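Inside the fold
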Amino acid sequence: MYIMNCRSGENFSQGKLVPYGNIEISPSASILNYGQGLFEGLKAYRKENGEILLFRPDQNALRMQMGAKRLYMPSPSVQQFIDAVKQMVLANKHWVPPHGKGTLYLRPLLMGTGSVFGIAPAPEYTFLIFASPIANHYKGQSSFNLFINDEVHRACPGGGGDVKSITNYAPVFEAVNQAKANGYSDILFLDASTGKYIEEVSSCNIFIVKGNVISTPTLKGTILPGITRKSVLEIALDLGYQVKECDISVEELMDAEEVFTSGTAVIITPVSSVTYNEKKVEYKRGEDTVSYKLRILLTGIQTGILEDNKGWTLPVD
Ligand SMILES: *Cc1c(COP(=O)(O)O)cnc(C)c1O
């Protein structure tokens, strides 16, 4: 794993690779007491010829910087972030699965590790990256059955829902777990102000398709700005679809032909059904869908099968 420390008011300078293992921090570290921490997630992809690619790591670096500003932490520069990710991939090269079999998932963390007694930001910070290989389970079959829970919200206006703060996840564990126990894959959250519009799933963004139009909720501070979301919007335009970022009501969702989710982990995964107030609506799936076409195009770029004319991929050498 990669680790780099920095004192408050200074800049991150020299990080290093160390064996994966526990880290020691004070019980009064701000991350443990006040949740002063962020995470990121990105993957390393093996090309057919054995080379390794990263997908838009600069975007993860920039998102971490935005979150760090919000949580009042120093953050690595974009170049430091990318260099650290590259070093991690090179040091763990043998863990990057063969082309088509899976990816190496990288998890950067930024956290307040210095001791602080009163409620305040920490005097010292740690940037860390660990990694794990993950398999491609998707065989063109996998899909989500989503449940709309209108009593629990993952974000509210003015809150921290638009940064990858560690504090955004545990508050919905109970509700998501309950949904899973009832046979659903995850929860689709509605906006906390009116409860009329869809926002996102607990760790991925959402899109609806009707005719030639692909829509996704506008980023208004309560939705995590996904890098996959942003990429989908671009490649959908390239494929000739009309692309919209707008408010999407539950009624419009129920009336869509196709619904799909996007995120580094799920890539693009179709939604087979949405259940709201006892009403279950099913959507189109399979190889003749927009989400399938988008997934082939996106994973083609990520794994070097298709030409990357956007400069999104970065070779690790
Ligand atoms: C990470 C995350 C996403 C997806 O972002 P990507 O950059 O596409 O991986 C969407 N929603 C939430 C809440 C997330 O934490």
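Up top is the structure.
Computed from a predicted structure; not experimentally measured.

Core analysis: the largest hydrophobic core is formed by 27 residues, its most contacted members being Val85, Val89, Leu106, Leu110, Phe127 and Ile129. At the level of elements, β1 (2-7), β4 (42-46), β5 (52-55), α2 (57-70), α3 (78-91), β6 (102-112) and β7 (124-135) are the ones that each hand at least two residues to this core. The biggest single contributor to this core is α3, with five residues. When neighbours within four sequence positions are excluded, Ile129 is seen to be in contact with Met1, Tyr2, Ala84, Val85, Met88, Leu106, Arg107 and Pro108. Grouped together as the second largest cluster of nonpolar side chains are 23 residues, Phe144, Ile148, Ile206 and Ala256 included.

The next subject is the packing of aromatic side chains. Across all of its chains, the model carries eight aromatic pairs by this definition. Taken together, the aromatic side chains of Tyr2, Phe12, Phe81 and Phe127 make up a single cluster linked through ring pairs. For Lys310, the ring lying beneath its charged end belongs to Trp312, and the centroid distance is 5.3 Å.

Side chains on a regular strand alternate between the two faces of the sheet. In this structure, strand β12 (residues 213-217) lies alongside strand β13 (residues 242-246), joined through five bridges in parallel fashion. Counted as the bridge partner of Ile214 is Val243 from β13.

With the rule as written, the count across this model stands at ten salt bridges. Taking the shortest distance from any N to any O, the salt bridge between Glu200 and Arg154 comes out at 2.7 Å. Residue Glu200 is found in strand β10 (residues 198-201), and its partner Arg154 is found in the loop between β8 (144-148) and α4 (173-181); the two are separated by 46 residues along the sequence. Residue classification places Glu200 among the buried residues on the basis of a relative accessible area of 2%. For Glu245, the salt bridge is made with Arg229, and the minimal N-O distance between the two is 2.7 Å. In this pair, Glu245 is assigned in strand β13 and Arg229 in helix α5 (residues 227-238), connecting sequence segments 16 residues apart.

Rules behind the numbers
- Residues numbered from 1 in each chain as written.
- Predicted model: local features only at pLDDT ≥ 70, side-chain atom pairs only at ≥ 80, totals over all residues.
- Heavy atoms only, no water.
- Core = buried A, V, L, I, M, F, W, Y, C linked by side-chain atoms within 4.5 Å.
- Buried < 20%, exposed > 50% of the residue type's maximum accessible area, 1.4 Å probe, protein only.
- Helix = DSSP H or I, 4+ residues; strand = E, 2+ residues; numbered from the N terminus.
- Contact = heavy atoms within 4.5 Å.
- Phe/Tyr/Trp six-rings, centres within 6.5 Å; stacked < 30°, edge-to-face > 60°.
- Lys NZ or Arg CZ within 6 Å of the ring centre and 35° of its normal.
- Pairing = 2+ DSSP bridges.
- Salt bridge = Lys/Arg side-chain N within 4 Å of Asp/Glu carboxyl O.

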